[in-house]
Structures are given as C-alpha cells and as structure tokens.
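Structural characterization, general
Here are the chains, one letter per residue:
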Amino acid sequence: MVVGLFFALLAGLLVSLQNIFNRKVSEQAGTWSTTTLVLRMGFLSSLTMGLIFEGSQLFSPQTMQPWYWFSGMIGVGVVFCLVQGMRLLGPTYAISIVLTAQLGFALWSDSIGWLGLIQVPITFTQLFGVLVIVGGVIVFKLGGEWQQKRSMSKM
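Let me begin by describing the structure that accompanies this report. As the structure is a prediction and not an experimental result, all values here were calculated from the model.

Per the secondary structure count, the chain includes five helices and zero strands. Along its sequence from the N terminus, the chain presents helices and strands in the succession α-α-α-α-α. Here the C-alpha radius of gyration of the chain, 19 Å, is well above what a compact globule of 155 residues would show, namely 15 Å. Dimensions of the chain, computed from the C-alpha atoms along their principal axes, are close to 65 × 45 × 30 Å.

Turning next to the packing of helix H2 (residues 31-54) against helix H3 (residues 71-89). Viewed as axis vectors pointing N to C, H2 and H3 meet at an angle of 135 degrees, and their least axial separation amounts to 9 Å. By the angle between their axes, H2 is oblique relative to H3. Crossing of H2 over H3 shows right-handed handedness. Contacts between H2 and H3 pair Thr 31, Trp 32, Thr 34, Thr 35, Val 38 and Leu 39 from the former with Gly 75, Val 76, Val 79, Phe 80, Val 83 and Gln 84 from the latter.

As a further point, take the packing of aromatic side chains. The final tally for this structure, using the stated rule, is six aromatic pairs. With a centroid separation of 5.4 Å and 45 degrees between ring planes, the pair formed by Phe 105 and Trp 108 is classed as tilted. Pair noted here: Phe 105 and Trp 108 are both in helix H4 (residues 91-112), with a separation of three residues, about one helical turn. What makes Trp 108 partly exposed here is its relative accessible area of 40%. By the ring-pair criterion, three or more aromatic residues cluster together here, those being Phe 105, Trp 108 and Trp 114.

Moving on, we come to the side chain of Ser 109. Tracing the backbone through its elements, the reader meets Ser 109 in helix H4. Taking the relative accessible area as the measure of exposure, Ser 109 reaches 7% and is therefore buried. In this structure Ser 109 touches Trp 114 and Leu 117, once residues within four positions along its chain are discounted.

Turning our attention to the pattern of salt bridges. The full count for this structure, using the stated rule, is two salt bridges. For Glu 27, the salt bridge goes to Arg 23, with nearest N and O atoms at 3.8 Å. Taken together, the positions of Glu 27 and Arg 23, both in helix H1 (residues 2-29) and four residues apart, correspond to about one turn of that helix. Look at Arg 23 and you get partly exposed, because its relative accessible area is 26%. The salt bridge partner of Glu 27 is Lys 24, with a shortest N-O separation of 3.7 Å.

What counts and how
- Residues numbered from 1 in each chain as written.
- Predicted model: local features only at pLDDT ≥ 70, side-chain atom pairs only at ≥ 80, totals over all residues.
- Heavy atoms only, no water.
- Helix = DSSP H or I, 4+ residues; strand = E, 2+ residues; numbered from the N terminus.
- Rg over C-alpha atoms; globule rule 2.2 N^0.38 Å.
- Axes fitted to C-alpha atoms, helices over the stretch in contact; angles between N-to-C directions.
- Parallel < 35°, antiparallel > 145°, perpendicular 65-115°, else oblique.
- Left-handed = near helix turned anticlockwise from the far one by under 90°.
- Contact = heavy atoms within 4.5 Å.
- Phe/Tyr/Trp six-rings, centres within 6.5 Å; stacked < 30°, edge-to-face > 60°.
- Buried < 20%, exposed > 50% of the residue type's maximum accessible area, 1.4 Å probe, protein only.
- Salt bridge = Lys/Arg side-chain N within 4 Å of Asp/Glu carboxyl O.

Here it is as structure tokens:
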C-alpha cells in the first residue's frame, strides 16, 4: 500500500509539472504543436523504456478488447484540454477542476463496473467526499475573486 501511495503522489506531482511545461510550450508554439510535441516525446520515452525493460515482449501485447487500442487518442484530448484550461483559467484552478472531474468520473465508473472494472457501490461517504472537494474548488475560486475585489477597492 505504501508503494501505491508513493506512485500515486508521484503521478500527481508529475502531472502538475508536465502541465506547467505544457503551458509554457504552448505560449511559444501553440496548442496543437504542444500536443504533438508532448505526445511524440511521450511515445519516444515509452518506446525506449519499453525496449529496456520489456525487450521484444513490448511488441507482443496480450489479447485485449479492440477499443482499448484507442486510448492514445484520449491522450490527445487530455493534453489539448489541459493546455486550454490552464491558459483560460490558470494552473491551480484548472488542475483543481481536472482532479475533481477525475475523482467524480472514477467514482461513477467504479460504481457501474464500466469497461470491466470491479463494480464497487457508491457509499454516502464517498459521495460526500467528492461534494466536499467540489465545494473546496468553489470556495477557492470565489475566495480568489473576493480577495481581488477587496484589493481593487483599496486602490
């Protein structure tokens, strides 16, 4: 469990770091160039690490549902939407909304056993937890606007 927590925390840090880089690249190169660059570099990194750690097994994937092969296309949407969201909302607000959406979608997909997941019923505490996070995002956004208005009125 400790190792899983470590990897989950590390993934969160890396996603946030990647989004900062993506935003800076998109300021210079544009959204589609950024998406292409990010996914191209990801492909090259994955290919290299796959060859190092899996060797020839990399090219003999196990039997899976055909639609799982399209998950890379979802990555295009992820990068594009994150770059746009961060540009329009700012990094902290955009990421807090992304994380809330991820948690809500994960809870929903677990609850219905979507795409072969083990079905886990939604509990009141899980639903309450998601609603608390949504409330936190709203307070975060409104708190920033309130402080901004307060600062402007002092001028």
